[in-house]
Every structure is written in C-alpha cells, then in structure tokens.
Amino acid sequence: VGEPSEQWLEYQGANTGASLECRGWRQEAALRMLNNNLDPEVAEDPESLVVYGGTGRAARSWDAYEGICAQLRDLGDEETLLVQSGKPVGRFETHERAPRVLIANSNLVGRWDDWEHFHELESKGLIMYGQMTAGSWAYIGTQGIIQGTYETLAELARQHFPDNRGLEGKIVVTAGLGGMGGAQPLAVTMNHGVCIAADVDERRIERRLETEYCQERAPDLETAIERATAAAESGEAYSVAVHMNAADMLEAMNERGFVPDVITDQTSAHDELEGYYPSGYTVEEADALRDRDPEAYVEASLETMERHVDGILAMQEAGAIAFEYGNNIRGQVADHRDHERAFDFPGFVPAYIRPLFCAGKGPFRWVALSGDPADIHRTDDAVRELFPEKDHLRRWIDLAQEQVAFQGLPSRVCWLGFSRDDDGLTERARFALRINELVADGEISAPVVVTRDHLDAGSVASPNRETEAMRDGSDAVADWPILNALLNTAAGADIVSVHDGGGVGIGNSLHTNNHIVLDGTDLAAEKARRVFTTDPGMGVIRHADAGYDEALEEAWDSDVTIPMGGD
Ligand code: NAD
C-alpha cells in the first residue's frame, strides 16, 4: 500500500468543527468519514490502511487515498465521484439529488469469485478488500457493533434462560478481541454475564483493556476459569482475556471438563491467510510463515480451524449453547476440511436476529461531524423524546452513555426499523428528520451523518450469515442487495456502496451501505424521508417475499406495497 501519506500523518483522524475543506457538506462528510475510518483510535492498523476485520481497507493504497481526498476537496454539488476498490476512477456531472460518491469494492464475476483470484488481483494492485464498513467509510470502531452484540446476547438469554435475569450467573466463552470481536466482553457484562475471551495477539488484548471493553487479563487459562467461575457463582458481571489460541483454549477446557453456558467465536476465520492464526506459532512467527510460505500457512490455519470447530461441537454436546458469530468458521471447515458436522451449530442471524430483520430493524448509526460529544448527547435525548414507549431503547442509550467510550468522531448506534406512524414516517425517518431539525435550529453544532452496518435487514445476501436458512431457500439470491443499492441511489442517498465478501470472505456475500448527511436543509430532509423508507423497506419486502409472517404483518401494518404478496 506504500508509505502513509503526509496528510494522514498530519491529521491522524477526521477534521472537526464547522469550517469546510470541501465545496459542500456532502463532500466534506465523505472526507471526514474516510479520515475517521483511519483514525488510530478507530482503525486496527491504519498505517496499512486496514480498518478492521482481517484486511478490510478504507483505500487501496496511500496514493489512492491521496487521490480520493483531492477529488473530494474539489468535487462540486452536482458531481459524482466513482471509487472502484478503494481507488478514485472517475467523476461525472450528475445532479444535486444524486449521490456524491458511488463505491464498489471487492466484486468479482461469479466463476472467479474466490480468494485465489482475489489475491492474484490484489497482488497486481487491481482490487482491495473492503470488508463491510471499512471500504464504505462507515466504520466507527468497536462502538459500532456493541449494540448488535448486546442485542444478540440479550435475545439468546431470553430464549435459553427465561428467568429474566439476562446472562447473570452464566459464562460465555469466545475468542477474537479485534475491531468487532472486542465488543463481546462488554456486551456480555452489559447483560450481567461473565466472559472469557482468548486472543493470540497481546496488542489486541491491551487495546480492549485500555478502552475498558474488557476488565482484566488473566496470567493463564486456569486463573481465568477460576475467576470467571467465582464471578458467575456470585452473580457478578465480569470479563477476562487470555493470551492464547482459541483452538488450544477450547481443547484445554474440554479436557478439564469445563463446560461454559455459551460458546461462540469472533476470530477472523473468514480469511484463512490474513485473518486467522494457526496454533503452535506466536503472532510474529505466524506472520513470518505467511510471508515465507503462504500455502503452509493456509494449511496450518485450516487445520487449527477444524480443531476449533471440533472444540465448539464438543462443548455443545456437553450442554453449552453454541452459535457462530458471523465469521464463517463453519463454512471454512465444511468447504476446506470436508467436515460433515460443521453446520451442526446455528449462525446468529437465524437463531437471534431474523425477527428484527422482518420488521426492517437494523443497526442505524450516526456520527457528529463537529467532533463534539455534546452533539451526540443531544441526539441521545432525541431518541428518548421520540420513542418514550421503547423501554429497551432507553436502557440501551443509558448504558451506552455510561459505558461506551467514543472513538474518533463521536457516534452512536441504535437498532431502528420501519414501523410507519400516522404521517407515513418510518422509525428511522422520524429520527433522522428530528436530527435534521436540531442541526437547522443550531442545537447541534454541525451536520450529522447517518449510516448503518452492511449487516442490515434488506441489504445483504450471505448464505452462511444474514440469509442463512431462509424460509423459501433463497439464501444465495443476490438480486436483493443490488436492488437495495439501486433503490437507495434512486432515493438520493449521499454515498452508496456495493461490496463482495465482508465478514464471511470473498464469494460468500454481497452487501451494500449508504450515508445521508443531515445538514439542516430541506434537501437533507427530503433525502432522509425517502432513503429511510426505501432502505428498511427493502428488509420488509425481502423477508415478506421469503414468506415470513412477521414481515407480511409489518408490510400490512405499514402499508408497504408488495405486488404479489397475497392478502
Ligand atoms: P479483526 O481482524 O480486527 O480481529 C480478529 C482477532 O482474532 C485478532 O485480534 C486476532 O489476533 C484474533 N485471532 C485470529 N485467529 C485467532 C485464533 N486462532 N485464536 C485466537 N485469536 C485469534 O476482526 P474483527 O473486526 O474483530 O472481526 C472478527 C470476525 O468477525 C471477522 O471474521 C469478521 O468478518 C466477523 N464479523 C462479524 C460481525 C458480526 O456482526 N457478528 C461483524 C463484523 C465482523
């Protein structure tokens, strides 16, 4: 990727305040979001342009980064910049209501859509891994995933421990304390439970301790188990990290007869070469092996993944609740090791999230371009004022204010859905329009960008994750995310992107994202009203089409037109 650019070294994050470097707020927002992704507080390895999720990058090279920044500074209000796998490739006159930036990352033609071709093209400098929010400039650090992780675990507790005490007294074992996985210990303690989390990389453990996502590090596994067991017995919320390989940890636990209540994983198993670490090597040794002999690395990595999955299955047989947390470890082991039982434990979407998707609910996120935390606190109040009947949303906002540290530009996440009111406004639109008013009135000091994860109700086709086990078998149909991106472009989103790969690896998913800049103008209100109807609306129609009653009911209640949706 070359050497870090001088501009980036000087900035080390997004510009803040109300004065512009670009010709308008929409372009300025794109520039600040790109730089926010690469803020050292936000990104996992910004000098390599890596934001999170293995090798998820914000730009293809430092030259491409400079090119994007220069284009954004010069881009007019009636122009659109095209970014192809992290490189600016064209700029056309469009119109004011069109997106300012259109992005396509990591996409390959079906027959070539695998890691082998991807790596070949990557080594020629022709393509970049955009993960999900890395290449679409919507990553906001571990705070972006925390509510999703919290909600998933809360739903798990509701289904399996129905005494209404969340995860109190329960031990969750997991691994992977990276950009996303690092949210797990805090999400467990927010649900009053106990978490033991392994990572092979000490720097990742230190980072989660510094940002208070994890409470302690144990000197060894024995101590971690003792402390976790004592905390669970006394009903205390507690999290502890151990420095070791996940497969080794699970084997040691199984040998010792230690069965946690819940077992999952968020190592970067979607990428066997640059994400997952094989057992028997330190991080430095493994990195050297990867450079020296990538084939041997992949072989060792997949072998460890198989042991890791066997460890999860053994715990499941002994009574633990097991689920895959969106890193495709089951698919990897089934495809490359011919493991027949890899899919014997479910993915988190069919197990815990799909009912939310049916109602168009997903991880809505917003970012204060001013850099002022007070602006996010004002939006927190707006959530409480607008949705007074939603107790769990209020509880979430209280918890987030109290326990989630800002990283980079102050931001917040909150799951909102479709659910139209009497004025025909969806939950997401109501909230966005309120923020726009607060910007217009000066109660918020600069524009706010609203965006979301690619993992959303109507924006992904991913047979091992978001669309696993769809009721009608349409798991691999990828027309839906493409329609989502086209529709949101037509509705006037300010940035729209389409990616391949993401959390589950090349060839395993297509997904999209969009941003809207709320600058207090009527134009922003018009765009927000449309996009925050079309975007969650895609979730409703996608799930209604697959035959989910909850989605058909939502469509009926919210007056969504489904031409062949029955009565
Ligand atoms: P990351 O690359 O930032 O972190 C992965 C971590 O796993 C690293 O700290 C690494 O040291 C550790 N690791 C790798 N192999 C290991 C092993 N064998 N044993 C112990 N530790 C090991 O990635 P991330 O952003 O945290 O994402 C993690 C995974 O979750 C990815 O596969 C990603 O695609 C997926 N993901 C899931 C969701 C979701 O909603 N569930 C969202 C985003 C990403």
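Remember, predicted model here, so these are calculated numbers, not experimental data. (Residues numbered from 1 in each chain as written. Predicted model: local features only at pLDDT ≥ 70, side-chain atom pairs only at ≥ 80, totals over all residues. Heavy atoms only, no water.)

Attention now moves to the overall build of the protein chain. Each helix and strand in the protein chain was counted, giving 19 helices and 17 strands. Its C-alpha atoms give the protein chain a radius of gyration of 22 Å, near enough to 24 Å, the size a compact globule of 567 residues would have. Seen along its three principal axes, the alpha-carbon backbone of the protein chain occupies a region of about 65 × 55 × 45 Å. Taken across its 567 residues, the protein chain has 61% of its residues classed as buried. (Helix = DSSP H or I, 4+ residues; strand = E, 2+ residues; numbered from the N terminus. Rg over C-alpha atoms; globule rule 2.2 N^0.38 Å. Buried < 20%, exposed > 50% of the residue type's maximum accessible area, 1.4 Å probe, protein only.)

Put simply, helix α13 (residues 348-358) and helix α18 (residues 522-545) touch, their axes get as near as 8 Å, and they point 110° apart. By the criterion of interaxial angle, the relationship of α13 to α18 is roughly perpendicular. Across from Arg354, Phe357 and Cys358 in α13, the residues of α18 making contact are Gly539, Val540 and His543. When its residues are assigned to classes, the contact of α13 with α18 shows three nonpolar, two polar and one charged. (Axes fitted to C-alpha atoms, helices over the stretch in contact; angles between N-to-C directions. Parallel < 35°, antiparallel > 145°, perpendicular 65-115°, else oblique. Contact = heavy atoms within 4.5 Å. Nonpolar A, V, L, I, M, F, W, Y, C, P; charged D, E, K, R; others polar.)

Of all six residues in strand β13 (residues 411-416), six are buried; the element is thus mostly enclosed. Here β13 shows two buried faces, one formed by Ser411, Val413 and Trp415 and the other by Arg412, Cys414 and Leu416. Two strands pair when backbone bridges link them, and strand β12 (residues 362-368) and β13 are joined in this way by six bridges, in the antiparallel orientation. Bridge pairing links Trp366 to Arg412 in β13. (Pairing = 2+ DSSP bridges.)

So, about the site of the ligand. Around the ligand sit 32 residues, and of these Gly54, Asp199, Ser268, His270 and Gly503 come closest. The side chain of Ser268 places a nitrogen or oxygen atom 2.8 Å from an oxygen atom of the ligand. Between an oxygen atom of the ligand and a side-chain N or O atom of His270, the distance comes to 2.6 Å. In isolation the ligand has 850 Å² of accessible area, and contact with the protein removes 98% of it. For the shell around the ligand, the residue count by class is eleven nonpolar, 16 polar and five charged. (Near = heavy atom within 4 Å. Polar contact = N/O pair within 3.5 Å; in protein donor to acceptor, adjacent residues only side chain to side chain. Areas by Shrake-Rupley, 256 points an atom, 1.4 Å probe, with all protein chains shown as cover.)

What follows covers the pattern of salt bridges. Counted under the stated rule, the structure contains 45 salt bridges. Three or more residues are tied together by salt bridges with common partners; here these are Glu44, Asp201, Arg203, Arg204 and Arg208. (Salt bridge = Lys/Arg side-chain N within 4 Å of Asp/Glu carboxyl O.)

What follows covers helix α19 (residues 549-557). By the burial criterion, the buried members of α19 are Ala551, Glu554 and Ala555. Each buried residue of α19 lies within a common arc of 100° when the element is viewed along its axis, so the set occupies one face. In α19, the exposed residues that point more than 90 degrees away from the buried face are Glu553, Trp556 and Asp557. Phi for Asp559, located one or two positions after α19, is positive at around 55°. (Arc of directions from axis to C-beta.)

What follows covers the domain arrangement of the protein chain. Considered domain by domain, the protein chain is made up of domain 1 (6-123), domain 2 (143-346) and domain 3 (354-557). Each of domain 1 and domain 3 was reduced to a C-alpha centroid, and the two centroids are 21 Å apart. Contact residues are listed per partner, giving 32 residues for domain 1 and 36 residues for domain 3. For the pairing of domain 1 and domain 3, the buried interface totals around 2600 Å² over both sides, and the portion due to carbon and sulfur atoms is 59%. Contact with domain 3 buries area across many residues of domain 1, yet Arg26, Met33 and Arg97 alone supply 26% of it, more than any other trio. (Domains from an automatic or database assignment. Buried area = accessible area lost by both parts, 1.4 Å probe.)

Among the seven residues of β12, seven are classified as buried, and the element is accordingly described as predominantly covered. Pairing between β12 and strand β14 (residues 448-452): five bridges, direction antiparallel. The residue bridging Arg365 from the neighbouring strand is Thr451, located in β14.

In the Ramachandran plot, Asp338 falls in the positive-phi region, its phi being about 50° despite a non-glycine side chain. Its place among the elements puts Asp338 in the loop between α12 (329-337) and α13. Asp338 sits in the exposed class, given a relative accessible area of 64%. Non-glycine residue Ser419 carries a positive phi angle of around 40°. Within the element layout of this structure, Ser419 appears in the loop between β13 and α16 (427-440). Assessed through its relative accessible area of 30%, Ser419 is described here as partly exposed.

Relative to the assigned elements, Arg207 resides in helix α7 (residues 202-210). In this structure Arg207 comes out as buried when scored by relative accessible area, which is 16%. Among residues more than four places away in sequence, those in contact with Arg207 are Pro40, Glu41, Val42, Ala43 and Glu44.

Counting 110 residues, the largest nonpolar core has Leu72, Trp137, Ile146, Trp366, Phe431 and Phe532 as its most contacted members. Grouped together as the second largest cluster of nonpolar side chains are 36 residues, Phe258, Tyr276, Leu302 and Val309 included. (Core = buried A, V, L, I, M, F, W, Y, C linked by side-chain atoms within 4.5 Å.)

Moving on, we come to the sheet that holds strand β10 (residues 262-263). If you trace the six strands from one edge of the open sheet to the other, you get β8-β9-β7-β6-β10-β11, paired in parallel fashion. Two strands bound the open sheet, and with one partner strand each, they are β8 (216-217) and β11 (321-322). Pairing of strand β6 (residues 171-175) with strand β7 (residues 194-199), which is carried by five bridges, proceeds in the parallel orientation. Within β7, the position partnered with Ala175 by the bridge is Ala198.

Counted by the stated rule, this structure contains 15 aromatic pairs. Here Trp115 and Phe118 contribute two aromatic rings whose centre-to-centre distance is 5.6 Å and whose plane-to-plane angle is 85°, an arrangement assigned as edge-to-face. Pair noted here: Trp115 and Phe118 are both in helix α4 (residues 115-123), with a separation of three residues, about one helical turn. Ring centres of Tyr325 and Phe348 lie 4.7 Å apart, and the angle between their planes is 55°; this geometry places the pair in the tilted category. Taken together, the positions of Tyr325 in the loop between β11 and α12 and Phe348 in helix α13 put the pair 23 residues apart, joining distant regions of the chain. Pair check on accessibility: Tyr325 and Phe348 agree, each one buried. Grouped by ring-pair contacts, the aromatic residues Phe323, Tyr325, Phe348 and Tyr352 constitute a single cluster. Positioned above the aromatic ring of Trp112, the side-chain terminus of Arg111 is 5.1 Å from the ring centre. (Phe/Tyr/Trp six-rings, centres within 6.5 Å; stacked < 30°, edge-to-face > 60°. Lys NZ or Arg CZ within 6 Å of the ring centre and 35° of its normal.)

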